Amino acid sequence: MTRMGLSGIRYIYEARLGARAVLIQEGFAVVGIAVGVALLLASQISATSLTRSEAQLNTQLLGGAQVQLDARGPEGFSEALLARVRAVPGVRLALPILERQVNLTGPRGERSVDLIGVDLRMVRLGGRLPRRLSASQLATLPAIALPEPLALEIGAVGTLARLELQVGARLQKTLLAATLREADIGGLVHSPVAIAPIRYAQRVAGAPGELSRIFVRYEEARSGAVRAALARLAASSNVSFVPAGFDSRLFAVAVAPESKSEALFSGISALVGFMFALNAMLLTVPQRRRLIEDLLPDGATRWMTTQILLVDAAALGVLGCILGLALGDILSIAVFRSTPGYLAFAFPVGNARIVTWQSVALAIAAGFAAAVIGVLWPVREILARPLRPRSSSPDRHRARNAALLTVGGLCLLLTTFTLLADTHAAVVGNVALVIALLCLLPFLFDGLVSAFACVSHLLNGVASAIAVTELRTPQTRVRSLAIAATAALAVFGVVEFQGVGTNLKRGLESSIRNMDSSAEIWLIPRGRSSIQPTTPFTAVNTVALARVPGVSRLGAYRGSFLDWGDRRLWVIAPASDIEHPVPAGQVISGNLKLASERVRQGGWAVLSQDLASEHHLHVGQAFTLPSPRPERVRVAALTTNLGWPPGAIILSSSSYARAWAGSDPSAYEIQTTPGVSVVTVRNRVRNALASEAGLAVETSSERERRHYAVTAQGLSRLTQIRLLVLIAAVLALVGAIWAMIWQRRDRVAELKSEGYGELVLWRWLLCEAAVLLTAGCLIGAIFGIYAQLLGSHFLAAVTGFPIVFSVDPIAAISSFALVTVVAVVVLVVPGYRAVRVRPRTGSLAR
Amino acid sequence: MLELRDLVKHYRVDGGEPIHAVDGVSMTIARGELVVLHGPSGSGKTTLLELIAGLQAPDSGSVLVDGRDVLAMSRREADSYRLHDLGIIRHSLPPGWRAIQSASLKLLLANGREAKRLTEPLMGQLGLGDRLAHRTEQLSMGERQRVLIVRALSNDPKLLLADEPTGNLDTQNTRKVLALLRGLARKRELAVLLVTHDPQAAAYADRVHELRDGRLRAYRPDQGLVASEPSGPGA
């Protein structure tokens, strides 16, 4: 039995690379694979970073605690509960925590952080958190410790650096005790937290004798009794009894919409990336066909031929993956910078860029899969038994066309079904839509080329006539379709993402406008977290403020977060005399006017629809709100989630005051006298509050802009993934076009020998490329618009965000134009160089 | 050595009459014989070669090589037949390859590492000893043709098929190549089937046939076409 070993395969491989044309084409294939791998890796990094960051927080903070008692409101609960918990038989350790959202200001800037007051005894649980601090430092210094990146960001340099803390509206000085590195606190180093001794934290927060949580570790053998006792204690004290890692669940619910959205975008990006890599391989089909047709008559067995091709694929895959991983890493660093802004109001969430082995493995697997499929699939017929009687070519051609049309049609049906029946399956719908695009592309492409042929005939141009001939040549069909498919996928991805992003943006803008326009001027604590005013502060002299010229009405606004099940809900209690306590345009079920009246009168609440569905509540139904003091209310209406993924509740100020046992405001809402400039009144209020350094005054317009900027930050990853797809698309197309030009050189040489001039040939190349790209981009844009609808409905169903459903033709047109123009422009110089080849008759290759 | 019995191969064209590429061809070629096959373009010459090589299956008929039916062979037997018993001289070399790489390709499939070493003497015999490292673009047309011949002969086949081996050559080189093939047929006792348009080939052949409309005719340049030889169904 003849055997050709690896040395023989290497011999053939080296011989092939001796041809410059082959070397360059393989180089383009490597670039194409690299772009696909880079896109896949970078989009996966984006999807995993946020979730993993939060998971690390709990690992660092908790150590070995099993359960916790958690306050239901921002004011916390009495420290007296701690002694009772410690007295429960079986409890080994009970560790108190105080948490407050504060604003931290340093020499170079300010940041909203989560102030965490801890007890030294957390060290015994195995948590690494406070080891960096000595006992004396923690016990005696009125100071805080910060993660090093945060300290650098605000300019806190050196031990005992002076900083300013703002809690509510109160400002006070503090010192930096230590900066903590990743070796000290692991992933927490990337989070906006400030750590202090618990006594100091209580003093700073103005909450003496108060706690936010108690983490408990107990003997496992007495688990049942301990848990039962702790549950009773919690119930009697109106606190929640939950697992130690409960915040992870709350965070998972809060981030779920964003995670699912990113998963959809990442999934589509991954698919597009894989197709880029595959299309790059398909451009090398002609030279591989020639190799196989050369080897088979010499007696090469099917296995020998497959080995040779697989070594090809392996070489391309290795190089492409190495380059792609490096490029993907660079892209993820360069593109992903923002923080999930709105989630930081309720969770100490940072922005760590985390590269998991799964992301790398997936990117590599896709790169190799594209290489192997791209090498073997196009030559499968040649590898088949040559002595098998073949059916006649027209029959085979018809059968293949029928199969493509059938599969494409079925996939379109599946996508439509997904859109109408189950938008949660949007990933499946998108995959089906991409398959439909690829199956129907050859027919649409032929139609567009025929249309161009008609136009060309009318124009009677030589260059366009050559282009039509070349586009219809069977030998170059695979290459032409590969380039058109690359362009189509590129535009498809960009159009879908941009359209979905635009719909989401419009919905959020509308929601924010509805929320913030309930007052013309807002009086709020300084700092970023006042976008969702949930931190109470000492009431100001409202009598004096109400007398400021131009102030028509002044009311206290209250807000908080409430954990109900796995949701950290945003609770809103607008001023009692506000005209529209329920944001117009956000009501899904119920009457807006009636709901507003009911909320004003008290005893009624407006819920987010997802929240109501989870608890089987409908309009008019009564329920008990699990607030610090449980309150019985009825459902007045159902709304969107007002831009807060876990959901929101709107109450009257009186209901809130009863339920939270507190009347301190979180903000003030001011209406101005008609005819008076809002900006003028704002300035007057600012002057009147000059002594209140911790408070800020802004108009509703200013607030909307700030609100939208923060909310948009949290969704910026979707924009970044879209940018990734666009970058990858341009790179993939440039590579494909250059490869096409390179392959054309022999044909150019032949035509030159027949007397065609360089200008005509150059115009031919541009014309052919323009037709290819236009056809591909147009097809991609049409399918992309359909995908916009699918993606928008998916986001609405998954996120609960207020999304405006529309089709964005501007996105389609601009993407189409951008990709086509960039690729054709990129072609100009290589095309010119290609037509400068020497004329020759025939090609060395068959 | 080679016996063709009533070979038939028709191609069906969508909406048109079937094309009778090979229509009942019968022929024998003995060892040491050089047979030339003329025919206009589209007459079925290349199809006939592919049938003999086992690269296509006929509609009917048989191809016997030393008594073995090529068409009844398994895939493995057919690959072995092409590798060890058959040599095919092609039109052109792959661009960029060195002469020794092109020439030793067939032997590489059979012998792996020894291929290059075993091919070099044959290259020398055909006057290519100092051209081993030259790339295709650096060889003259005649030299390229000789490289193709080396490749086809490198595994010492019994049957040699040549499809227009002198198509790109000038008169002088054509004669050299034809004389070379004639000499190889005699010396190595090869059965050679040479497909060509070139009328000079007849002078080097033991027999000349013409393939027209799928049917075989005997051809003598001094006498013109003679009556059809027994060929086709029922002959």
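Rules used throughout
Residues numbered from 1 in each chain as written. Chains lettered and ligands numbered in written order. Predicted model: local features only at pLDDT ≥ 70, side-chain atom pairs only at ≥ 80, totals over all residues. Heavy atoms only, no water. Helix = DSSP H or I, 4+ residues; strand = E, 2+ residues; numbered from the N terminus. Rg over C-alpha atoms; globule rule 2.2 N^0.38 Å. Contact = heavy atoms within 4.5 Å. Areas by Shrake-Rupley, 256 points an atom, 1.4 Å probe, with all protein chains shown as cover. Buried < 20%, exposed > 50% of the residue type's maximum accessible area, 1.4 Å probe, protein only. Axes fitted to C-alpha atoms, helices over the stretch in contact; angles between N-to-C directions. Parallel < 35°, antiparallel > 145°, perpendicular 65-115°, else oblique. Left-handed = near helix turned anticlockwise from the far one by under 90°. Nonpolar A, V, L, I, M, F, W, Y, C, P; charged D, E, K, R; others polar. Salt bridge = Lys/Arg side-chain N within 4 Å of Asp/Glu carboxyl O. pLDDT = per-residue confidence, 0-100. Patch = residues over 30% accessible without salt bridge, like charges linked within 9 Å, V, L, I, M, F, W, Y side chains within 5 Å. Polar contact = N/O pair within 3.5 Å; in protein donor to acceptor, adjacent residues only side chain to side chain. Core = buried A, V, L, I, M, F, W, Y, C linked by side-chain atoms within 4.5 Å. Pairing = 2+ DSSP bridges. Phe/Tyr/Trp six-rings, centres within 6.5 Å; stacked < 30°, edge-to-face > 60°. Lys, Arg positive; Asp, Glu negative; His and termini not counted. Charge placed at Lys NZ, Arg CZ, Asp CG, Glu CD.

Considering the overall build of chain B
A count of helical and extended segments in chain B gives 7 helices and 11 strands. Taken against the 2.2 N^0.38 rule, which gives 18 Å for 235 residues, the C-alpha radius of gyration of chain B at 18 Å falls within 12% of a compact globule. Counting only contacts in chain B whose residues sit at least 6 apart along the sequence, the fraction spanning at least 24 positions is 70%. Total accessible area computed for chain B in this model is approximately 9,900 Å², and 46% of it derives from carbon and sulfur atoms.

Observations concerning the overall build of chain A
A tally of helices and strands in chain A yields 27 helices and 21 strands. For chain A, with 846 residues in total, the buried portion stands at 57%. Residue pairs at least 24 apart in sequence account for 83% of intrachain contacts in chain A once pairs closer than 6 positions are excluded.

Quick word on the packing of helix H6 (residues 141-153) of chain B against helix H7 (residues 171-188) of chain B
The description of two helices packed together rests on the angle between their axes and the distance between the axes. Residue and element names in this part refer to chain B. Packing of H6 against H7 brings their axes to within 10 Å, and their N-to-C directions diverge by 20°. Comparing the axis directions of H6 and H7 gives the class roughly parallel. In the crossing of H6 with H7, the sense of the turn from one axis to the other is right-handed. Residues Gly 142, Gln 145, Arg 146, Ile 149 and Leu 153 of H6 form the contact with H7, whose own contacting residues are Asn 173, Val 177, Leu 180, Leu 181, Leu 184 and Arg 188. Of the residues that constitute the contact of H6 with H7, the class distribution is 6 nonpolar, 3 polar and 2 charged.

Side note on the environment of Val 685 of chain A
The topology assignment puts Val 685 of chain A in helix H22 (residues 678-688). Spatially, the C-alpha atoms of Val 685 of chain A and Pro 549 of chain A are 8.9 Å apart, while their sequence positions differ by 136 residues.

Focus on the pattern of salt bridges
A complete count under the given rule lists 44 salt bridges over all chains for this structure. Ionic pairing is found between Arg 10 of chain A and Glu 14 of chain A, a salt bridge with its closest N-O pair at 2.7 Å. Of this pair, Arg 10 of chain A and Glu 14 of chain A are both found in helix H1 (residues 6-17), 4 residues apart, which corresponds to roughly one turn of the helix. Between Arg 82 of chain B and Asp 79 of chain B there is a salt bridge, with its nearest N and O atoms 2.9 Å apart.

A look at the confidence of the model for chain A
Residue and element names in this part refer to chain A. Per-residue confidence for chain A gives a mean pLDDT of 82; residues scoring 70 or more make up 89%. The low-confidence segment residues 123-129 (pLDDT under 50) makes 28 contacts with residues lying over four places distant or belonging to another chain. Segment residues 387-392: pLDDT under 50, and 11 contacts once partners within four positions in sequence are set aside and those in other chains are kept.

Some points on the confidence of the model for chain B
Residues with a pLDDT of 70 or more make up 91% of chain B, whose mean pLDDT is 83. Per-element confidence in chain B ranges from a low mean pLDDT of 46 for strand E11 (residues 224-225) of chain B to a high of 92 for strand E8 (residues 191-195) of chain B.

Quick word on a nonpolar patch on the surface
Residues Val 407, Val 427, Val 431 and Ile 435 of chain A make up a contiguous nonpolar surface patch of about 260 Å² in total accessible area. With 3 residues, the single largest contributor to the nonpolar patch is helix H15 (residues 426-459) of chain A.

As for the side chain of Ser 154 of chain B
All names here are of chain B. Along the polypeptide, Ser 154 turns up in the loop between H6 and strand E7 (159-163). Judged by its relative accessible area of 15%, Ser 154 falls in the buried class. Within the structure, the side chain of Ser 154 is placed 2.9 Å from the backbone oxygen of Arg 151, a separation counted as a polar contact. Not counting residues up to four positions away in its chain, the partners in contact with Ser 154 are Ala 103, Lys 106, Leu 107 and Leu 122.

Description of the nonpolar core
Counting residues in hydrophobic clusters, the biggest one holds 123 residues, and the most contacted among them are Phe 276, Phe 445, Phe 492, Ile 737, Trp 764 and Phe 783 of chain A. The leading source of residues in this core is helix H26 (residues 758-799) of chain A, at 19 residues. The residues contacting Phe 276 of chain A, other than those within four sequence positions of it, are Gly 32, Val 35, Gly 36, Leu 39, Thr 486, Leu 489, Ala 490, Ala 728, Ala 729 and Ala 732 of chain A. Leu 83, Leu 105, Leu 107 and Leu 181 of chain B belong to the second-largest nonpolar core, a separate cluster that totals 51 residues.

Topic: helix H16 (residues 462-471) of chain A
The buried fraction of H16 of chain A amounts to 7 of the 10 residues, a majority that puts the element mostly inside the structure. For H16 of chain A, the complete set of buried residues consists of Ala 463, Ser 464, Ile 466, Ala 467, Val 468, Glu 470 and Leu 471 of chain A.

Thoughts on the pairing of strand E3 (residues 34-38) of chain B
Across a regular strand the side chains alternate sides, sitting on one face of the sheet and then on the other. All names here are of chain B. With 5 of 5 residues buried, E3 lies mostly within the body of the structure. Neither face of E3 is left uncovered, since the one carrying Leu 34, Val 36 and His 38 and the one carrying Val 35 and Leu 37 both have all their residues buried. The sheet contact formed by E3 and strand E9 (residues 207-212) spans 4 bridges and is parallel. Looking at E9, one finds that His 38 is bridged to Glu 210.

Comments concerning the sheet that holds strand E1 (residues 2-11) of chain B
Residue and element names in this part refer to chain B. Pairing within the open sheet is antiparallel, and its 4 strands lie in the order E2-E1-E4-E5. Taken across any chain shown, the strands that pair with only one partner, and hence form the sheet edges, are strand E2 (19-29) and strand E5 (68-69). Where strand E4 (residues 60-65) lies against E5, 2 bridges are found, and the strand directions are antiparallel. Residue pairing for E5: Leu 64 is matched across the bridge by Asp 69. Relative to the sheet, helix H1 (residues 45-53) contacts E1, E2 and E4, its axis offset from that of E1 by approximately 120°.

Comments concerning the packing of aromatic side chains
Centre-to-centre distance and the angle between the planes together describe a pair of aromatic rings. All names here are of chain A. Enumeration according to the criterion identifies 6 aromatic pairs over all chains in this entry. Between Trp 522 and Tyr 557, the aromatic rings sit 5.4 Å apart at their centres with planes inclined by 70°, giving edge-to-face as the arrangement. Taken together, the positions of Trp 522 in strand E12 (residues 521-525) and Tyr 557 in strand E13 (residues 551-564) put the pair 35 residues apart, joining distant regions of the chain. On the accessibility criterion, Trp 522 (2% relative accessible area) is buried.

A look at a positive patch on the surface
Residues Arg 289, Arg 380, Arg 396 and Arg 400 of chain A make up a contiguous surface patch of positive charge. By secondary structure assignment, the location of Arg 380 of chain A is in helix H13 (residues 380-383).

Comments concerning the side chain of Gln 172 of chain A
Residue and element names in this part refer to chain A. Along the chain, Gln 172 turns up in strand E7 (residues 170-180). Accessibility expressed as a relative area gives 18% for Gln 172, which makes it buried. In terms of polar contacts, Gln 172 uses its side chain to reach the backbone carbonyl oxygen of Val 204, at 2.8 Å. The contacts of Gln 172, once residues within four sequence positions are left out, are Leu 163, Glu 164, Leu 165, Val 167, Arg 203 and Val 204.

Examining H1 of chain B
Residue and element names in this part refer to chain B. The element H1 is largely enclosed, with a buried count of 7 among its 9 residues. Those residues of H1 not exposed but buried are Lys 45, Thr 47, Leu 48, Leu 49, Leu 51, Ile 52 and Ala 53. Two residues or fewer past H1, Gly 54 is found with a positive phi of approximately 80°.

What about the environment of Val 462 of chain A?
All names here are of chain A. Following the sequence through the fold, Val 462 ends up in helix H16. Sequence separation between Val 462 and Arg 763 is 301 residues; the distance between their C-alpha atoms is 9.1 Å. Excluding residues that lie within four positions of it along the chain, Val 462 makes contacts with Tyr 756 and Val 760.

What to know about the packing of helix H5 (residues 115-125) of chain B against H6 of chain B
Residues and elements named next belong to chain B. At a closest axis distance of 10 Å, the pairing of H5 and H6 adopts a crossing angle of 135°. Our classification of the angle between H5 and H6 gives oblique. Of the two possible hands of crossing, H5 and H6 adopt the one that is right-handed. Residue-level inspection shows Thr 119, Leu 122 and Met 123 of H5 in contact with H6, the latter providing Val 147, Val 150 and Leu 153. Each residue belonging to the contact of H5 with H6 can be placed in one class, and the counts come to 5 nonpolar, 1 polar and no charged.

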